[in-house]
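Examination of the molecular architecture
Now for the letters of each chain:
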Amino acid sequence: MKMKTKSLKLMGLILFASAAIFQSCTKDFEQINTDPVAYGPTNFDPNFTFSTAQLTYTGSIDFAYETWRANLIYAGTMMQGLSSVVSYWAGDKYLNTPWYTSAYWERAYAEQVKPIVDVVEVTKTNPKYKNLHQVARIWKALVFARLTDLYGDIPYSEAGQGYYMKNLSTKYDKQQDIYMDMLKELEDAVSKLDAAADQVSGDVIYDGNLDKWKRFGNSLILRLAMRLTKVDEATAKAYATKVIGKTLQGNGENAFLKHDESGARVTQNRNSQVLLGDGGQEHYYVKWSDTFINALKSKNDPRINVAVSKLWMSDGVKEMNPNYVSDPAQQKGMPNGKDLGNNPAYRIGSHPSYTTMPDYSSPHPGMIKRNGITFILTYSESELLSAEASQRWGIGAAASTYYKNGIKSGITFLGQYDPALAITDAAAEAYANAHPLTEGLKQIGIQYWLHQNTALNFYESWANWRRTGFPELVPIVYSTSDTQGQIPRRFPYPVSEAANSNAEYYKAAGAAIPGGDNLTGRVWWDKQ
Amino acid sequence: MIKNDLLQVHSNRHLYFRFIIRMKLTLIMILLFLLNVKGNVYSQQKVTLDVQKTKLSRILKLIEDQSDYYFVFNPGIKNFSKEMSLSVENELVLDLLPKLFKKNGLAFSVSESGLVVVNQQKMQTVKGLVTDLEGHPLAGATIRLKGSSIAKATDLNGQFEMEATSGAVLVISYTGFTSKEIILGAETNLKIELVPDHMMLNEVVVTALGITREKRTLGYSVTQVNGESLTQARENNVANALVGKVAGLDVTSTAGGVGSATSVIIRGASSLSQTNQPLYVINGVPMENSPSGIINTNPNGNKGSQWDNAPDMGDAIGNINPDDIESISVLKGAAASALYGSRAKAGVILITTKSGKGSGIEFSSNFVLEQVMDRTDWQYVYGQGTNGEKPADGAAAAQVGGSSWGARLDGSSVPQFDGISRPYIAQKDNIENFYDNGHTWTNSLALNKSFEGGALRLSISDLRNKSIMPNSGLDRQSYSLTGTFEPINRLKIDARANYIIEDAKNRPMLSDGAGSANYNAVFLPTSVDIRDLKPWKTDAGQEIPYNKGNPWDTNPYFAAYEIVNNTDRSRLISSLSARYTLDNGLFIQGRAGQDYYTNSYFSVFPEGLAYSAPNNLVSQKMRFSDVNADMLIGKSFSLGEDFGLTPNIGASYRNTKSDITTNQGTRFLVPGVHTIVGLKNKSVAYAESEQEMQSVYGTMELAYKDYLYLTGSVRSDWFSTLAAPGLNNKLNVVYPSLSGSFVFSELLESNSISFGKLRAGYAVVGQATDPYQTALTYNFKSESLNGAPLGQISYDYIPNSSLKPSKASELEIGTDIRFFNDRLSLDLTWYKKRSEDEIIRVTIPTSVGYAQSVLNSGSIENKGVEALITGTPIKNDQFSWTSSLNMTFNDNKVISLADGLDEQLVATSRSGVGFLKNIPGMAMGQIVAFDYAYDDQGQIVKNADGTPKQGDLKAFGSAYNKWFAGWNNEFSYKNINLGFLIDGKFGGKLFSGTDYLGYIKGLHKATLENREELGNLAPKFYENTANNASHLFVNDASFIKFRQLTLGYSFPGKLFNDRIKALNVSFVGRNLFILMKKTDNIDPESSYNATFPGLELGGMPPARTFGLNLNVKF
């Protein structure tokens, strides 16, 4: 018995001893649980994240996901900049394809909002990144503006804050509140840029040039302010008045991002990946719309050089024809609302304009280079908006001056894509002189549309058309169209929101949309 | 107790009622037994006595009067004059004798003629050798002194030595064999042969930490499966062979194709989003087995998410060679697995591999054919085309190449996608025509050598599989070397190494259409003959797509023959253990093991592919190492003959490390040459992971005589994964357990009940979590932008610095009863398990900025009943029939989720209109889809176009089955044996992406309705219907399958002059046919991911296998 108790005691002792040893062995657990191939918030430079945020605004790293669906399939065709007979190009026929209309929301929050909100948050109280913080605030407004323009009321104040707010859902803010906050944020951020403070090393647009950022901020204020002309003219005018004359100074200050071929889908130009046929036959079946080409041709617009025909000779081969045809006389756009079916009403082959598919004009190869550029905000745009502000309220210089600047720069900026697209200053001057501002807002609206189409920024074409009604597009007619013949005015909210923890916010927001949560409902600033 | 519980649960009453109906079947079986039990034999003589204070010698006389027994003793021994009182009725003399003599210090022996010699008891040293029928010594067999708590184990050579009195009864038991009782006579050098246990009562089983224990002592349910039953009709993934064999186990193979993972869920899913897969422990060494899933970081594996379009990368258990498995022990409940603490929540499966047994050679060869089974039931009225029209020309046909919205099939000549006109007729055999006949050939050779002080076993196995998927297959070589030694007395060394090389060729893409042969074969339009899709590429190497309008629909032949998805895995599972027993019985055991593998993945999406792959080439290398070491000290104490006490204490250490390097890029510089260096654009990604766990534990086993057992244990785990930089988090948690067993049959004088026990256990176990979830970190993308580095937040989940360990507590109560000399047995368990504070990654709205949030979330409850009824209705010299029925009912309920979370979204169907959710108050894994909208009168509300208006999202039931049953039968007649297994699962739901796309593409039979009236609006009508009323695709996944058939013949050894010891040839078949299913176009078992059930699309179609199996022993 004695022996037994001894053994028991011994075992008990070992148990306690090992427990004590273990407690002390766990000291290095903190180190073990630190990812060896990552960085902490204290030693990571947020400029690196800012570069990513700038890149992702040009489109998703995941195969141009929302650029393809939102910018090209929907906005591009609805605005009759592009035209396609590919069956899934839903915007061309005003079809509701929920998994395409949700694309922008899905990718933008994950890829644009997440990094930019993080940069704003981590730089908020760190004097080392004073300018980065302000530039990031400007960029954040840019990001949210496009989101809310597409959907209306959206998560804004709680969006991208998962780490900082520990929130599991995000309330939807009113578009009106979002716009007021963005304008306030932009004004404040621009005012706080400080030449004596840090160099924004992660800036891949202006390489940290704060003067350009100031004017970019003002131009963005102008864009957002003018968006409100239908719904809140007073605010629109007030902000326009503040920034007019302080916007971008020339094409040299155009904000664009230069892409990089080496990073494949991650870094290549988004529009180019799609239009080169990476994911299908877009190269062969996506053409300039006849509405757009006719608008150029009717006025002998030198920008017809964005169109070339016989660029792609086969739907199966993705090799460009080096002997493409750039003769302006031979350019023709493809009508919208056509398909490859048998019904002569819709069959492209039955349309009088049809000869062969390659005869329809494609975007110039210089615009769709893999390492090409994505325009974010241009001098031409600012000048056209200034022209409108001057026309409406008589602020700043004469509307005709802004208008002429806008047209000229909107012609010459094409050289930034590629030298092959360059148009001489003289030619631009000649065109501008031949087409002075005589029809006011309508003319400005058409020029804005032409310019954004050539910048392949169809998001902006769509937003400005919804606001101004220019150009006066004739809707297509198609048998299975989901909009009763109307051109869509917004994207429905993603169906997936019904299934996640935003479900209640989603329902309430959807119910509040004039016209309903569908393609023909209207966002706040798009007042009927 | 069980009954009371049944009555209390009102809401589930109808389910229990069904259970009761099923139990009726078992009653019929019991009746069969009663008819077959034979009458008395000589040794079955019984007596009836009722005496008060009567001398023993007188009692013996009374027995002589009532029976043919005759007692010989020396009346001079005073023990015979002891007076005693006794009252027995119809008791077996043989049972009565030990009671009479043992207490009185007397020993006895019984001769065959009924002569009983009684002597004064004296202690003697008994030696013995325990062997199987072939004379191989059995190491580790248990020898227990009946009626006491004293037990010994045989050494490596099957030898044992113990002190006992003559007349004492020894019970010898060994895992996989039927126990044997021996009454000690004068003979003190025993030779005991054990007979294999065909009824799988498994009286000795392997329990936690690899300790073998008699099942009678356990307060929880353990089911052991013998290795032999896994190799009769083989599955390439050995886990699949467990289907229908173990109560409480939900085994589901995935539709993942060659080398794919298998889901094994024990007693219901107990984790909201972490793995529900059990811990596999091989010879005491835990093996990591997370299949690719939602939480798996492998960037190229199928995670089962909405946008996933990737192959199944398999799991670890699938690497194990079934020929090497001696036995599998399933520790179902927390009480059984408590000693594994934080790794035990989903149950534990212990695998013991074979060790050297005797000397000889075993050879087995197995060849099976695999044949695809087409489960679709598409419409064959209308053909390829759109708007109800035949395509006018090749270009039009190609543009809507995937659409079956054409005209009525009329046999006319119609242009197809390639411009060639063919008869417009139904093509019903596309599935059969596309898939090949697959086959698997497995050859195994094992060499056994025993020598003084040890034994060796070397086995080599070669598996060659050609999948039904063209150009796909799996090769696996396994080498296993096992040595057991006793170099010095009482030191036992066990060393094992298992080396596996597994090459999978072209793991098929699952889910979406891009690059997937499965998807494109199943959705091919009704009038297109799949064979016309050959050739699949032009001379220049360009894919010839059948659906140019959507190039993501890859030509299935191009997908099969041109896209490469290969994996190569080398895995070494090694262990070394040493155990030394001191003179006083104290033992010290140390063990170390490592599971090490390298995995390389190579994929090529060639330049001719119509859609452009994200990366033309991916070359990924992964290294994984899991080191486990533990030690255990213990000793058995006897407090007199009646009480036994066995304390054990131990400690363990685990370190898991992995790293993964991914090289990938786009654009081949030289067409047709597919190497990583031959790419224009390249990028590299690298990730590391490490975690450590330290544990201490102790157990205390208490035995009273041989019928009452109590075991308590406690374990504490310390986790590195809970540590947060700069925070002093609590890193450990304590897991206690208590269980007891009462063998009531020892106190019962019953003829019909040969064994009976009640058991109960309660334990707390847990689940660990993944590293790097406690702090926000940043890193860089592999790519840079014109030299500018691209920084990002490293992970897609919101970290949580205050995680606490999760816990799950489980109570189980059960019984084990055997009747009529073990001809019928019943094993019944009721359990209730509640998981709390689980560490999960909750899917959150994308607008939060992250895809998931790491939380301690919620509580889940599983309660259920599992029953195993085994019987031998017929048994005579020539013929026997053994039948066993296992049944499980599991009721799962999500009790709560984290604060601020009303529902948890787990996964989204590719369709975007079907979801898998966890909703408090309902069973886990609810299939959620859009219901119709109803007006006040309850009528379905329609849109202007006549399609149903989209109603609310509604939960349509859990993806997890509630009921499982397996019915195994073995018949043997002389040397012929026949076996079959029928199994079924009931109550689970499945959202069918196949049915959804059947609507979109015009293949589904339901799209025939009004098709002509709708005209060219039909496609839009059915697309809107599918999107608005997605509940139409919620299928009942219940099924009954005829799972396995074996028919074998054993040639007697004497046919070969005993040169060959045994030769067995059998015909085997698996998954032969379906007896019941409720799905229209899919197999009810076609979930595409092993981490959760419920979603389906583009998986491999099921295949039936049949072939021949040969086993030879030299």
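If you're wondering where the values come from, they're calculated on a predicted model, not measured in any experiment.

**Looking at the overall build of chain B**
In terms of regular secondary structure, chain B is built from 13 helices and 56 strands. Its C-alpha radius of gyration of 32 Å places chain B within 12% of the 32 Å reference for a compact globule of 1114 residues. Overall, chain B is about 115 × 70 × 65 Å in size when its C-alpha atoms are taken along their principal axes. The burial tally for chain B puts 61% of its 1114 residues in the buried class. Sequence-distant contacts, at least 24 apart, represent 69% of the contacts inside chain B between residues at least 6 apart. Carbon and sulfur atoms form 55% of the exposed surface of chain B, whose accessible area is close to 40,900 Å². Distance between charge centres in chain B, computed from 106 positive and 109 negative side chains, equals 4 Å.

**Looking at the overall build of chain A**
When helices and strands are counted, chain A shows 20 helices and eight strands. Counting only C-alpha atoms and orienting by the principal axes, one finds that chain A spans roughly 110 × 55 × 50 Å. Counting all 528 residues of chain A, 64% fall into the buried class. Sequence separation of 24 or more characterises 75% of the internal contacts of chain A that already satisfy a separation of 6 or more. About 17,800 Å² of surface is accessible on chain A, with carbon and sulfur atoms providing 54% of the total. In chain A, 54 positive and 53 negative side-chain charges are present, and the distance between their average locations comes to 4 Å.

**So, the nonpolar core**
In summary, soluble globular proteins display a tendency toward joint burial of nonpolar side chains. Grouped together as the largest cluster of nonpolar side chains are 154 residues, with contacts concentrated most on Phe-50, Trp-89, Trp-139, Phe-144, Phe-216, Trp-288 and Ile-376 of chain A. Ranked by the residues each element gives to this core, the list is headed by helix H7 (residues 130-151) of chain A, at 13 residues. Sequence-distant contacts of Ile-376 of chain A, that is, excluding residues within four places in its chain, are made with Tyr-57, Thr-58, Trp-139, Leu-142, Ile-205, Phe-216, Arg-223, Ala-255, Phe-256, Leu-257 and Asn-457 of chain A. Residues Tyr-435, Leu-533, Val-913 and Phe-915 of chain B belong to the second largest nonpolar core, which totals 64 residues.

**As for the sheet that holds strand S20 (residues 325-331) of chain B**
All names here are of chain B. If you walk across this open sheet you meet the five strands as S15-S20-S21-S18-S19, and the pairing is mixed. Lying at the two open borders of the sheet, with one neighbouring strand each, are strand S15 (222-226) and strand S19 (285-287). When strand polarity is set aside, the average angle formed by the axes of neighbouring strands in this sheet is 25°. Judged from the four bridges that link them, strand S18 (residues 279-282) and strand S21 (residues 348-353) form a sheet pairing that is parallel. Pairing of Leu-279 across the sheet is with Val-348, part of S21.

**A few points about the sheet that holds strand S5 (residues 115-120) of chain B**
Residue and element names in this part refer to chain B. Taken in spatial order, the three strands of this open sheet run S2-S5-S4, and their pairing is mixed. If you trace the sheet from one side to the other, it starts and ends with strand S2 (70-72) and strand S4 (106-110), each paired once. Looking at each pair of strands side by side, their axes are set apart by 25° on average, direction ignored.

**Notes on the interface of chain A and chain B**
On the side of chain B, 107 residues touch chain A, which itself brings 100 residues to the contact. When chain A packs against chain B, the two sides together hide about 8,300 Å² of surface, and 62% of this comes from carbon and sulfur. A salt bridge links Glu-261 of chain A to Arg-667 of chain B; the shortest N-O distance between them is 2.4 Å. At the boundary of chain A with chain B, the tally comes to 35 residue pairs in polar contact (both at pLDDT 80 or more). Among the elements of the structure, helix H1 (2-25), helix H2 (29-32), helix H3 (46-57), helix H4 (65-78), helix H6 (103-123), helix H8 (162-165) and strand S4 (255-258) of chain A are those that each provide at least two residues to the side of chain A that touches chain B. Considering every element that reaches the side of chain A that touches chain B, the biggest residue donor is H1 of chain A, with twelve residues. For the side of chain A that touches chain B, the residue count by class is 46 nonpolar, 35 polar and 19 charged.

**Structural notes on the pairing of strand S34 (residues 679-704) of chain B**
All names here are of chain B. Pairing geometry for strand S33 (residues 643-668) and S34, over 25 bridges, is antiparallel. Looking across to S34, one finds that Asn-648 is bridged to Thr-699. When S34 meets strand S35 (residues 708-719), the two strands line up antiparallel, connected through twelve bridges. Of the residues in S35, the one forming a bridge with Tyr-704 is Leu-708.

**Quick look at empty space enclosed by the protein**
Residue and element names in this part refer to chain B. Space inside the largest cavity adds up to approximately 740 Å³. Counting residues per element, the lining of the largest cavity draws most heavily on strand S54 (residues 1062-1077), which supplies five residues. Tallied by class, the residues present in the lining of the largest cavity amount to 15 nonpolar, 18 polar and nine charged. Around the second largest cavity sit 25 residues that line it, and Thr-252, Ala-959, Asn-961, Ser-1087 and Pro-1093 are the ones nearest its centre. Mapped onto the lining of the second largest cavity, the elements with two or more residues apiece are strand S16 (249-253), strand S17 (262-266) and strand S51 (989-992). Residues belonging to the lining of the second largest cavity are distributed by class as follows: ten nonpolar, eleven polar and four charged.

**Quick look at the pairing of strand S39 (residues 788-793) of chain B**
Residues and elements named next belong to chain B. One ladder, built from five bridges, connects strand S38 (residues 778-785) with S39; its direction is antiparallel. Residue pairing in the sheet places Ser-784 in a bridge with Pro-789 of S39. In sequence, S38 turns back onto S39 through a hairpin of two residues, with Asn-786 there showing a positive phi of about 45°.

**Remarks on the packing of aromatic side chains**
To describe a pair of aromatic rings, you give the distance between the ring centres and the angle between the ring planes. All names here are of chain A. The tally for this structure, following the rule as stated, stands at 74 aromatic pairs over all chains. Ring geometry for Tyr-109 versus Phe-144: centroids 6.5 Å apart, planes at 65°, classification edge-to-face. Residue Tyr-109 is located in helix H6, and its partner Phe-144 is located in helix H7; the two are separated by 35 residues in the primary sequence. A relative accessible area of 0% means that Tyr-109 is categorised as buried. With a relative accessible area of 0%, Phe-144 lands in the buried category. When the ring of Phe-413 is compared with that of Tyr-417, the centres are 6.3 Å apart and the planes differ by 50°; the resulting orientation is tilted. What makes Tyr-417 buried here is its relative accessible area of 4%. Aromatic rings pair up to connect Tyr-74, Trp-105, Tyr-109, Phe-144, Tyr-151, Tyr-156, Tyr-172, Trp-462, Phe-491, Tyr-493, Tyr-505 and Tyr-506 into one cluster.

**Some remarks on the packing of helix H15 (residues 379-393) of chain A against helix H18 (residues 441-454) of chain A**
All names here are of chain A. At their nearest, the axes of H15 and H18 sit 10 Å apart, and the two run at 170° to each other. Taken as axis vectors, H15 and H18 run roughly antiparallel relative to one another. Once H15 is placed against H18, the crossing between them reads as left-handed. Here Ser-380, Glu-381, Leu-384, Leu-385, Ala-387, Glu-388, Gln-391 and Arg-392 of H15 lie close against H18, whose contacting residues are Leu-441, Ile-444, Gln-447, Tyr-448, His-451 and Gln-452. Here the contact of H15 with H18 is composed, by residue class, of six nonpolar, five polar and three charged.

**Some points on the pattern of salt bridges**
Residue and element names in this part refer to chain A. One pass over the structure, following the stated rule, counts 92 salt bridges over all chains. The closest approach of N and O atoms between Arg-370 and Asp-278, which form a salt bridge, is 2.9 Å. Note that Arg-370 is positioned in the loop between strand S7 (362-363) and strand S8 (373-377) and Asp-278 in the loop between helix H12 (270-275) and helix H13 (282-285), a separation of 92 residues in sequence.

The rules behind the values
- As a convention, each chain's residues are numbered from 1 in the sequence order in which they are written.
- Each chain is given a letter, starting from A, and each ligand a number, starting from 1, according to the order in which they appear as written.
- Per-residue local features of the predicted model are confined to residues with pLDDT of at least 70, and side-chain atom pairs are confined, for both listing and counting, to 80 or more; whole-chain, interface and lining totals are unaffected and use all residues.
- Processing note: side-chain calculations cover all non-hydrogen atoms of the structure and skip hydrogens and water entirely.
- Each helix corresponds to a stretch of at least 4 residues labelled H or I by DSSP, and each strand to a stretch of at least 2 residues labelled E; elements are numbered beginning at the N terminus.
- Both definitions apply: the radius of gyration is a C-alpha atom measure, and the globule rule equals 2.2 Å times residues to the power 0.38.
- Burial here depends on accessible area, computed with a 1.4 Å probe over protein chains only, as a share of the maximum for the residue type. Under 20% is buried, over 50% is exposed, and the range in between is partly exposed.
- Note on contacts: a residue pair qualifies if any of its non-hydrogen atoms lie within 4.5 Å across the two residues.
- Where accessible areas are quoted, they stem from the Shrake-Rupley method and a 1.4 Å probe; at the residue level, only the protein chains shown are allowed to cover.
- We score Asp and Glu as negative and Lys and Arg as positive, and we do not count His or the chain ends.
- Working definition for charges: the position is that of NZ of Lys, CZ of Arg, CG of Asp or CD of Glu.
- Buried residues of nine kinds, namely Ala, Val, Leu, Ile, Met, Phe, Trp, Tyr and Cys, make up a nonpolar core once their side-chain atoms join them within 4.5 Å.
- Pairing between strands requires that DSSP locate at least two bridges from one strand to the other.
- Here an angle of 0 to 180 degrees is reported between the N-to-C directions of two axes, which are lines fitted to C-alpha atoms, with helices fitted over the stretch in contact.
- Each of two parts loses accessible area, computed with a 1.4 Å probe, when they are put together; buried area is these two losses added.
- By salt bridge we mean one thing: a side-chain nitrogen of Lys or Arg within 4 Å of a carboxyl oxygen of Asp or Glu.
- Under the rule applied, a polar contact is a pair of N or O atoms within 3.5 Å (in protein, one hydrogen donor and one hydrogen acceptor; residues adjacent in sequence only if both atoms are side-chain atoms).
- Under the convention adopted here, Pro, Cys and the residues Ala, Val, Leu, Ile, Met, Phe, Trp and Tyr are nonpolar, Asp, Glu, Lys and Arg are charged, and Gly plus all remaining residues are polar.
- Here a cavity denotes grid points, spaced 1 Å and computed from the protein atoms alone, that fit a 1.4 Å probe unable to get out, and a pocket denotes an open set having protein on both sides within 12 Å along at least 5 of 7 lines; residues with an atom within 4 Å of a point are the lining.
- Grid points are joined across faces, edges and corners, and a volume is the space filled by probe spheres set on the points.
- Two aromatic rings from Phe, Tyr or Trp, using only the six-membered ring of Trp, form a pair when their centres are within 6.5 Å; if the ring planes differ by under 30 degrees the pair is stacked, by over 60 it is edge-to-face, and anything between is tilted.
- Put simply, angles under 35 degrees are roughly parallel, angles over 145 are roughly antiparallel, angles from 65 to 115 are roughly perpendicular, and the rest are oblique.
- By convention the crossing between two helices is left-handed if the near helix lies anticlockwise of the far one by an angle smaller than a right angle, and right-handed if it lies clockwise.

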